[in-house]
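# Architecture and fold: a report
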Amino acid sequence: MNCTFCRIVRGESPAKVYYQDDDVIVFFDRAPLTPIHLLICPKAHYTDFMDAPIEVHQMLVKTVKRVVTELGEKAKDFRIMINNGPRSGQTVFHLHYHIMAGK
Ligand code: AMP
Ligand code: ZN
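Being a predicted model, the structure only gives us computed values, none of them experimental.

Counting through the fold element by element, Ala15 comes out in the loop between α1 (4–9) and β1 (17–20). Separated by 82 residues in sequence, Ala15 and Tyr97 have C-alpha atoms that sit 16 Å apart. Not counting the four nearest positions on each side in its chain, Ala15 is found in contact with Ile8 and Phe27.

Printed below as a string of structure tokens:
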């Protein structure tokens, strides 16, 4: 599938990967808006927030909690952003949560 984040999942496009397991991948945004700007994606392709079942969101929220806990003090205060649809500003149509911290 010609999807930027599916290519990263398959290892066909480079990314600075912070964490991955069978179901989820976490990598640094290539155009960070804050000192720490990570993207949390399910490895399976879902177009956007509304496309994904609740179980997928549950897994992504668990991953957010794990990652910010691991980052410690520097990500103690953080923002989660999810764009759903082109008019919200979504530009990559593979579900992802932004985690932004450090500003
Ligand atoms: P959104 O506007 O919510 O769809 O967010 C897409 C985000 O993905 C933007 O912040 C981009 O900077 C980021 N992005 C796009 N392509 C890549 C890539 N190949 N590696 C890392 N981040 C990317
Ligand atoms: Zn995809």
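There's plenty left to go through after this.
Turning our attention to the side chain of Thr34. Relative to the assigned elements, Thr34 resides in the loop between β2 (24–28) and β3 (36–42). For Thr34, a relative accessible area of 10% puts it in the buried group. Among the polar contacts listed, one links the side chain of Thr34 to the backbone oxygen of Ile36, at a separation of 2.7 Å. Separated by 3.5 Å, the side chain of Thr34 and the backbone nitrogen of Ala101 make a polar contact. Setting aside residues up to four positions removed in sequence, Thr34 forms contacts with Met100, Ala101 and Lys103.

With that settled, the discussion passes to the pairing of β3. Among the seven residues in β3, seven count as buried, and that is most of the element. Summarising the sheet, β2 and β3 pair through five bridges and their orientation is antiparallel. When the bridges of β3 are listed, Val26 appears paired with Ile40. Direction of pairing for β3 relative to strand β5 (residues 97–101): antiparallel, over a ladder of five bridges. In the sheet register, Leu39 faces β5, and the bridge partner there is His98.

To continue, consider the environment of Val9. Within the secondary structure, Val9 is located in helix α1. A sequence separation of 35 residues divides Val9 from Ala44, and the C-alpha atoms of the two residues are 8.7 Å apart. The residues contacting Val9, other than those within four sequence positions of it, are Ile25 and Lys43.

Within the protein, Cys3 (SG), Cys6 (SG), His45 (ND1) and His94 (ND1) serve as the donor atoms for the zinc ion (ligand 2), at 2.0 to 2.3 Å. Angles of 106 to 117° at the metal separate the four donor atoms of the zinc ion (ligand 2), which places the site in the tetrahedral class. Along the chain, the residues donating to the zinc ion (ligand 2) fall in the pattern C-x2-C-x38-H-x48-H. Placement of the pair is Cys3 in the segment before α1 and His45 in the loop between β3 and α2 (54–71), with a sequence separation of 42 residues.

Further remarks concern the site of ligand 1. Neighbouring ligand 1 are 16 residues, the closest being Asp29, Asn83, Gly89, Thr91 and His98. Between Arg30 and ligand 1, the recorded distance is 3.1 Å, taken from a backbone N or O atom to a nitrogen atom. In this structure, an oxygen atom belonging to ligand 1 sits 3.0 Å away from a main-chain N or O atom of Val92. For ligand 1, whose accessible area on its own is 500 Å², the fraction buried by protein is 86%. Among the detected pockets, ligand 1 sits in the largest pocket. Put simply, the parts of the chain that give the shell around ligand 1 at least two residues each are α1 and β2.

Parameters and conventions
- Residues numbered from 1 in each chain as written.
- Chains lettered and ligands numbered in written order.
- Predicted model: local features only at pLDDT ≥ 70, side-chain atom pairs only at ≥ 80, totals over all residues.
- Heavy atoms only, no water.
- Helix = DSSP H or I, 4+ residues; strand = E, 2+ residues; numbered from the N terminus.
- Contact = heavy atoms within 4.5 Å.
- Buried < 20%, exposed > 50% of the residue type's maximum accessible area, 1.4 Å probe, protein only.
- Polar contact = N/O pair within 3.5 Å; in protein donor to acceptor, adjacent residues only side chain to side chain.
- Pairing = 2+ DSSP bridges.
- Donors = N, O, S within 2.8 Å, 3.2 Å for Na, K, Ca; no water.
- Tetrahedral: all angles 85-135°; square planar, octahedral: opposite > 155°, others 65-115°.
- Near = heavy atom within 4 Å.
- Areas by Shrake-Rupley, 256 points an atom, 1.4 Å probe, with all protein chains shown as cover.
- 1 Å grid on protein atoms, 1.4 Å probe; cavity = no way out; pocket = protein on both sides within 12 Å on 5 of 7 lines; lining within 4 Å.
- Sits in = over half its atoms within 2 Å of the grid points.

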